[in-house]
Amino acid sequence: MKTVGLILGVLAALGMLLGFIPLLGWFNWINIPFAIIGLIISAIGKSNEGMVLCGIAVLVGIIRLVLGGGIL
């Protein structure tokens, strides 16, 4: 579970970076639930690195949606 949580954290961070590209901000709607699942799995597996990566991806994704007008 620790390794799976870390892998999901890395993928969520890469998805977060993809969401920064103009016209791909909609990708945050896919990445945020994915990062939340990774956060839960990381918490179960007690992977601190995975929890940090997923938590950052969730927070930055929400901020990006708010600033970009994806959430009104």
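None of these values were measured; they are calculated from a predicted model.

Caption draft 1: Local environment of the side chain of N28. By the element assignment, N28 lies in helix 2 (residues 28–45). Here N28 falls in the buried class, since its relative accessible area comes to 1%.

Caption draft 2: Layout of helix 1 (residues 2–19). Across its 18 residues, helix 1 extends 26 Å between first and last C-alpha, which sits within 8% of the 26 Å expected from 1.5 Å per residue. Listed as buried for helix 1 are G5, L8, G9, A12, A13, G15, M16 and G19. Viewed end-on, helix 1 has its buried residues packed into an arc of 160°, placing them on one side of the element. Turned more than 90 degrees away from the buried face of helix 1 sit T3 and L14, all of them exposed. Those residues of helix 1 hidden inside the fold are in contact with helix 2 and helix 3 (48–68).

About the cut-offs
- Residues numbered from 1 in each chain as written.
- Predicted model: local features only at pLDDT ≥ 70, side-chain atom pairs only at ≥ 80, totals over all residues.
- Heavy atoms only, no water.
- Helix = DSSP H or I, 4+ residues; strand = E, 2+ residues; numbered from the N terminus.
- Buried < 20%, exposed > 50% of the residue type's maximum accessible area, 1.4 Å probe, protein only.
- Expected span 1.5 Å × (residues − 1).
- Arc of directions from axis to C-beta.
- Contact = heavy atoms within 4.5 Å.

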